[in-house]
Amino acid sequence: MARLIERHGLSQRRACRLVGIDHSTLRYRSKRPDDAGLRRRLRELAQERRRFRYRRLGWLLAREGHSMNHKKLYRLYREERLMVRRRGGRKRALGTRAPMELPQGINQRWSLDFVSDTLADGRRFRILCIVDDFSRECLATVVDTSLGGLRVVRELDRLTLERATPGVIVSDNGTELTSVAVLRWAADRVGWHYIQPGKPVQNAFIESFNSKLRDECLNEHVFTTLAEAREIIEAWRHDYNWFRPHSSLGALTPREFADQQGDGPLEQVWGSAARPLAPPPHQGQNINRLYL
């Protein structure tokens, strides 16, 4: 408006008629008081009471003598970006977020994850997979219809007695792996690294193993009973560790690669209570086995 008046030499009334506004609008000066001190105090209260929303903060301001209606309070609250984010779900164990280095030896880092499948009658079962990230050995494939935190702890206790206590265990944020039982077991014993939710690539070793387990074993069989599923999956695990060449290990099997790392014979790697992996069942032993 000022440029229009200056360029064409018009009066304010003439310019306002041309633009279509009342001249009192052009001459209006805001009478709103300076809210700088009020905004500052609102920010201070929001920092002290981080979970208080605007109404509760307004009550605190009113006690200090700052009177205003709820509309102005909410406007200031929004303009200062003090909105409180609603927390989603239960509290999760976060663990460390520091980048992990690649393991340089056996038992330095283990990875855990679950795989699901179904029996022929539609009943679902789960598999707890535990892998040594350095040698790529599958340390356990625990098959059951229910695998809670206590069962995970029991299997980890068994492995640490038979083999060794790892330096770090990597897992996702599943309820079984963030349970109180698991957190108590890991405290002052191992470092537990939880990957970021929705980023399975951060647990790539176990994800790679899971894909092989599903492609080479689970998708090749129809399991009629839970006992049959345990037998077949354990036989595949034995073959995976002892006979299946691994591309990332230079065409060696995980067991051959582990033997070449200077860790000594199998009894030393698995600790004083050495227990070799169970041998595979005789081919054709289960005549009820169905193949896809």
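Residues numbered from 1 in each chain as written. Predicted model: local features only at pLDDT ≥ 70, side-chain atom pairs only at ≥ 80, totals over all residues. Heavy atoms only, no water.

Whenever I open this one, the pairing of strand S1 (residues 109–118) confuses me. Can you help?
Residues in a regular strand point their side chains to alternate faces of the sheet. Among the 10 residues that make up S1, 8 are buried, leaving the element largely enclosed by the rest of the structure. Where S1 meets strand S2 (residues 124–132), 9 bridges bridge the pair, whose relative direction is antiparallel. Pairing of Phe114 across the sheet is with Leu128, part of S2. Between S1 and S2, which pair antiparallel and follow one another directly, the connecting turn spans 5 residues, one of which, Gly122, has a positive phi of 95°. (Buried < 20%, exposed > 50% of the residue type's maximum accessible area, 1.4 Å probe, protein only. Helix = DSSP H or I, 4+ residues; strand = E, 2+ residues; numbered from the N terminus. Pairing = 2+ DSSP bridges.)

What is the right way to read the packing of helix H9 (residues 204–216) against helix H10 (residues 226–242) from this model?
The geometry of H9 relative to H10 is characterised by a closest axis approach of 11 Å and an angle of 120° between their N-to-C directions. Here H9 lies oblique to H10, going by the angle between them. When you trace H9 past H10, the crossing you get is right-handed. Residue-level inspection shows Phe209, Lys212, Leu213 and Glu216 of H9 in contact with H10, the latter providing Ile233, Trp236 and Tyr240. (Axes fitted to C-alpha atoms, helices over the stretch in contact; angles between N-to-C directions. Parallel < 35°, antiparallel > 145°, perpendicular 65-115°, else oblique. Left-handed = near helix turned anticlockwise from the far one by under 90°. Contact = heavy atoms within 4.5 Å.)

Mind showing me how you'd approach the nonpolar core here?
Ranked by size, the top nonpolar core spans 21 residues in total, and within it Leu112, Ile130, Leu156 and Trp192 carry the most contacts. Sorting elements by how many residues they give to this core places helix H7 (residues 149–162) first, with 4 residues. Not counting the four nearest positions on each side in its chain, Ile130 is found in contact with Trp110, Ser111, Leu112, Glu137, Cys138, Leu139, Ala140, Leu156 and Leu159. Counting 20 residues, the second largest nonpolar core, distinct from the first, contains Ile127, Val131, Val143 and Ile206. (Core = buried A, V, L, I, M, F, W, Y, C linked by side-chain atoms within 4.5 Å.)

It is not clear to me how the packing of helix H4 (residues 36–48) against helix H5 (residues 54–63) should be interpreted in this structure. Could you clarify?
Helix-helix packing is described using two parameters, namely the angle between the two axes and the distance between the axes. Across the interface, H4 lies against H5 with an axial gap of 10 Å and an inter-helix angle of 120°. Judged on the interaxial angle alone, H5 and H4 are oblique. Handedness of the H4/H5 crossing: right-handed. When H4 is examined against H5, the residues Leu38, Arg41, Leu42, Leu45 and Ala46 are found in contact with a partner set consisting of Leu57, Leu60 and Leu61. Residues belonging to the contact of H4 with H5 are distributed by class as follows: 7 nonpolar, no polar and 1 charged. (Nonpolar A, V, L, I, M, F, W, Y, C, P; charged D, E, K, R; others polar.)

Can you walk me through H10 in this structure?
In an α-helix, one turn spans 3.6 residues; hence positions three or four apart end up facing the same way. Between its terminal C-alpha atoms H10 stretches 24 Å, which fits the 24 Å expected from 17 residues at 1.5 Å a residue. Every buried residue belonging to H10 is among Leu226, Glu228, Ala229, Ile232, Ile233, Ala235, Trp236, Arg237, His238, Tyr240 and Asn241, and all of these are buried. Looking at the buried positions of H10, the neighbouring elements they touch are S2, strand S3 (138–144), H9, strand S6 (221–222) and helix H11 (254–259). (Expected span 1.5 Å × (residues − 1).)

What's the story with the sheet that holds S2 in this structure? I'm lost.
In any sheet, the strands associate via hydrogen bonds between backbone groups, in a parallel or an antiparallel arrangement. If you trace the 5 strands from one edge of the open sheet to the other, you get S3-S2-S1-S4-S5, paired in mixed fashion. In this open sheet, the two strands that pair with only one neighbour each are S3 and strand S5 (191–194). On average, each strand axis in the sheet is inclined to that of its neighbour by 20°, with strand direction left out of account. Here S2 pairs with S3 via 6 bridges, running antiparallel. Its bridge partner lying in S3, Leu128 is registered against Val142. Sheet strands in contact with H10 are S2 and S3, and its direction is about 170° off that of S3.

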